[in-house]
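Chain by chain, the residues:
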Amino acid sequence: MSNSTPSAANGNDSRTFKGVRSPCVPSRVLHVRKVPIEVSEAEVISLGVPFGKVTNLLMLKGKNQAFIEMASEEAAITMVNYYTTATPHVRNQPVYIQYSNHRELKTDNLPNQGAALQAVNAMHSGNMGLSGSASSSEGALMPGQSPVLRIIVENLFYPVSLEVLHQIFSKFGTVLKIITFTKNNQFQALLQYADPLNAHHAKVTLDGQNIYNACCTLRVEFSKLASLNVKYNNDKSRDFTRLDLPSGDGQPALDHGVTAFGAPGIISSPYAGAAGFAPAISFPQAGLSMPTMPGALGPLAIPSSAVAGRMPIHSMAPAALHSVLLVSNLNPDSISPHGLFILFGVYGDVHRVKILFNKKENALIQMADATQAQLAMSHLNGQRLYGKVMRVTISKHQAVQLPREGQEDQGLTKDFSGSPLHRFKKPGSKNFQNIFPPSATLHLSNIPPSITDDILKDLFAGSGYSVKAFKFFQKDRKMALIQLGSVEEAIQALIELHNHDLGENHHLRVSFSKSTI
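Just so it is clear, the structure is predicted and the values come from calculations on it, not from any experiment. (Residues numbered from 1 in each chain as written. Predicted model: local features only at pLDDT ≥ 70, side-chain atom pairs only at ≥ 80, totals over all residues. Heavy atoms only, no water.)

**Observations regarding the overall build of the chain**
Okay, step 1: If you tally the helices and strands in the chain, you get 11 helices and 25 strands.
Okay, step 2: Across the 517 residues of the chain, 51% fall into the buried class.
Okay, step 3: Sequence separation of 24 or more characterises 73% of the internal contacts of the chain that already satisfy a separation of 6 or more.
Okay, step 4: When the accessible surface of the chain is totalled, it reaches about 22,800 Å², and 50% of it is carbon and sulfur. (Helix = DSSP H or I, 4+ residues; strand = E, 2+ residues; numbered from the N terminus. Buried < 20%, exposed > 50% of the residue type's maximum accessible area, 1.4 Å probe, protein only. Contact = heavy atoms within 4.5 Å. Areas by Shrake-Rupley, 256 points an atom, 1.4 Å probe, with all protein chains shown as cover.)

Shown next, in the form of structure tokens:
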């Protein structure tokens, strides 16, 4: 090792660390700290295998440290970049990786190095246990299998974010890239592993599982894509190997201090409003599982009863957040407290709305609980309303204050807590099962028998919306679908025409549809 003893090498790197993650210039030799003393050579090597070939290893068990030599500097850079945002865990203990001062490992003359070299060779020849187990799972890993998975989340009652997917799927290996999107009114994602074997085990284990009790069901299949091209790092897409990517127009920049998945609150605590979400499977703090080691999927070993009963993967939920949303970039000439009440009421019961007096493009919206606030944020953030792209975030305020008596307000603050229009007041309401992202197709209900399709089409067209298609439900003419020219039109039509009086004591009910005409 550059003619230095292991002790000298270790001391050199230890001095350079001093609490800073990557103090050195890039090197293909990486210094691993806080390694549990009982860890094997193969477990340390598996930290590097997803990023490229590991060519050498030096274990310093007495000092809880190790050195990994990668075949190329590029592989080492990718590895350090990845572990900067997702601290790796070995045997449920965090380990820390930085560039070494050494350019290569010269270990030929060191004692007890045979086991390390044997482990390196075994790892790359595919003899490390788990790689042979694929054939005993549902279908063997096929030659040339893609490392990219296509994920569909069905029955999306609670929001599923990119971070949630990362935490679930990184239990099976290194997740390099994720892209999330909505297609056919379904939340979907493409996720790329470093190794097709990781993708195989994730698919076999997670397909058909629920993230939460009785909802958010994962459908996992292999993608035809061989790799993903991520242009932006934001809440919709992420390349964990490229911290330098821009966030894209209008997207908030990532706080890399928060994207480490051991961060408090991202996964650990359940929603304040979601009672009874007990975990069926224990997820320790997120980190890289050891995909090439026997028993690596231990924390995720899903019992047959869970598979048969489609029990939830865990009680994972975003932090116990406040129930108040901050909505910004609104069109102050078009929006009103009532309009925001109707729109956000699609995703929960809105108690209060305040459009800020001195900044009327901003509003505070108080939902019934944090669950509903998170759900509304996940569906409405980034949607276009009255020509402007809405931004929805969790507010630091715990409640929306009503104006004091005599205080000038211009009608900008409204209390809707007693409104008869709340969709979710009844426990077990069917509305809980019909929450979908905004779409150009609207679901209409509570239509009286005397109302024809022409009357309904004229109602929407007369309000300035372009009607592209319309049809009544065959089995129930109290309901219909109407397709408008764009998602923005549909959002505005929902605001304007939900609860419209159709006569005969019937008020039109409008919501977003998962179907198209």
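**Regarding the layout of surface pockets**
Left-over empty space is what a probe sized like a water molecule reveals as it rolls over the atoms.
Okay, step 1: Roughly 750 Å³ of internal volume is contained in the second largest pocket.
Okay, step 2: Along the walls of the second largest pocket sit 30 residues, with Asn431, Asn434, His443, Ser445 and Ser511 positioned nearest its centre.
Okay, step 3: For the lining of the second largest pocket, the elements supplying multiple residues, two or more each, are strand E20 (441–445) and strand E25 (509–512).
Okay, step 4: For the lining of the second largest pocket, the element with the most residues is E25, which contributes 4 residues.
Okay, step 5: Residues belonging to the lining of the second largest pocket are distributed by class as follows: 12 nonpolar, 12 polar and 6 charged. (1 Å grid on protein atoms, 1.4 Å probe; cavity = no way out; pocket = protein on both sides within 12 Å on 5 of 7 lines; lining within 4 Å. Points joined across faces, edges and corners; volume = space filled by probe spheres on them. Nonpolar A, V, L, I, M, F, W, Y, C, P; charged D, E, K, R; others polar.)

**Remarks on unusual backbone geometry**
Leaving glycine aside, a negative phi is the common case for residues, and trans is the common case for peptide bonds.
Okay, step 1: For Asn64, which is not a glycine, the phi torsion comes out positive at approximately 55°.
Okay, step 2: The phi dihedral of Asn446 falls on the positive side, at around 65°, and the residue is not glycine.
Okay, step 3: Inspection of the secondary structure assignment puts Asn446 in the loop between E20 and helix H10 (453–462).

**Describing helix H3 (residues 73–85)**
Okay, step 1: If you check H3, its first and last C-alpha atoms are 19 Å apart, about what 13 residues at 1.5 Å a residue would give, namely 18 Å.
Okay, step 2: Within H3, the full set of buried residues consists of Ala75, Ala76, Met79, Val80, Tyr82, Tyr83 and Thr85.
Okay, step 3: Tucked into the core, H3 has its buried residues touching strand E1 (29–33), helix H2 (41–48), strand E3 (65–70), strand E6 (96–99), helix H5 (162–169) and strand E8 (175–183). (Expected span 1.5 Å × (residues − 1).)

**Concerning the side chain of Glu43**
Okay, step 1: Within the secondary structure, Glu43 is located in helix H2.
Okay, step 2: Take Glu43: its relative accessible area is 7%, and that puts it in the buried class.

**Quick look at the nonpolar core**
Okay, step 1: Residues Phe169, Phe344, Leu442 and Phe460 are the most contacted members of the largest nonpolar core, which totals 112 residues.
Okay, step 2: If we skip the residues at most four places from it in the chain, Leu442 touches Phe460, Ala480, Leu481, Ile482, Leu484, Ala490, Ala493, Leu494, Val510, Ser511, Phe512 and Ser513.
Okay, step 3: Membership of the second largest hydrophobic core comes to 5 residues, among which are Val29, Leu58, Leu60 and Phe67. (Core = buried A, V, L, I, M, F, W, Y, C linked by side-chain atoms within 4.5 Å.)

**Notes on the side chain of Ser27**
Okay, step 1: By the element assignment, Ser27 lies in the loop between helix H1 (6–17) and E1.
Okay, step 2: Discounting residues that sit within four places of it in the chain, Ser27 has contacts with Glu73, Ala76, Tyr99, Ser100, His102 and Arg103.

**With respect to the pattern of salt bridges**
Okay, step 1: Tallied over the full model, the rule gives 8 salt bridges.
Okay, step 2: We note a salt bridge from Glu104 to Lys106, for which the minimum N-O separation is 3.8 Å.
Okay, step 3: Given a relative accessible area of 32%, Glu104 falls into the partly exposed group.
Okay, step 4: Salt-bridge contacts for Glu163 lead to Arg238; the nearest nitrogen and oxygen are separated by 2.7 Å. (Salt bridge = Lys/Arg side-chain N within 4 Å of Asp/Glu carboxyl O.)

**Here we look at empty space enclosed by the protein**
Okay, step 1: Counting across every chain of the model gives 4 cavities of 30 Å³ or more.
Okay, step 2: Put simply, the largest cavity is a space of about 60 Å³.
Okay, step 3: If you trace the largest cavity, you find it lined by Phe341, Ile342, Gly345, Gly348, Asp349, Val350, Leu421, His422, Arg423 and His498.
Okay, step 4: Here the residues of the lining of the largest cavity are counted per class, giving 4 nonpolar, 4 polar and 2 charged.

**A word on the sheet that holds strand E10 (residues 210–212)**
Okay, step 1: Pairing is antiparallel in the open sheet, where 6 strands are placed in the order E10-E11-E7-E9-E8-E12. Looking along the sheet, the strands with just one partner apiece sit at the ends: E10 and strand E12 (237–239). Taking each pair of neighbouring strands and ignoring which way they run, the sheet shows an average axis angle of 25°. (Pairing = 2+ DSSP bridges. Axes fitted to C-alpha atoms, helices over the stretch in contact; angles between N-to-C directions.)

**Here's the deal with the sheet that holds strand E21 (residues 467–472)**
Okay, step 1: Spatially, E21-E22-E20-E25 is the arrangement adopted by the 4 strands of the open sheet, whose pairing is antiparallel. Here the strands that pair on one side only, and so sit at the sheet edges, are E21 and E25. Averaged over all pairs of adjacent strands, the angle between their axes in this sheet comes to 20°, without regard to strand direction.
Okay, step 2: Here 4 bridges tie E20 to E25, and the two strands are oriented antiparallel to one another. Along E25, the bridge assignment pairs Ser445 with Arg509.
Okay, step 3: Contacts between H10 and the sheet are confined to E20, E21 and strand E22 (480–484), with E21 contributing the most and set at about 150° to the helix.

**What about the environment of Lys106?**
Okay, step 1: Structurally, Lys106 is set in the loop between E6 and helix H4 (114–125).
Okay, step 2: Expressed as a C-alpha distance, the spacing of Lys106 and Leu57, which sit 49 residues apart in the sequence, is 9.9 Å.

**A few points about the pairing of E20**
Okay, step 1: The element E20 is largely enclosed, with a buried count of 5 among its 5 residues.
Okay, step 2: Of the two faces of E20, the one lined by Thr441, His443 and Ser445 and the one lined by Leu442 and Leu444 are each fully buried.
Okay, step 3: One ladder, built from 4 bridges, connects E20 with E22; its direction is antiparallel. Considered in E22, the bridge of Leu444 is made with Ala480.

**With respect to helix H11 (residues 487–497)**
Helical geometry: 3.6 residues make up each α-helical turn, so side chains three or four residues apart lie on a common side.
Okay, step 1: The buried fraction of H11 is high, at 8 of 11 residues.
Okay, step 2: Along H11, the residues classified as buried are Glu489, Ala490, Ile491, Gln492, Ala493, Leu494, Ile495 and Leu497.
Okay, step 3: Of the surrounding secondary structure, the elements contacted by the buried residues of H11 are helix H8 (337–344), strand E16 (384–385), E20, H10, E22 and E25.

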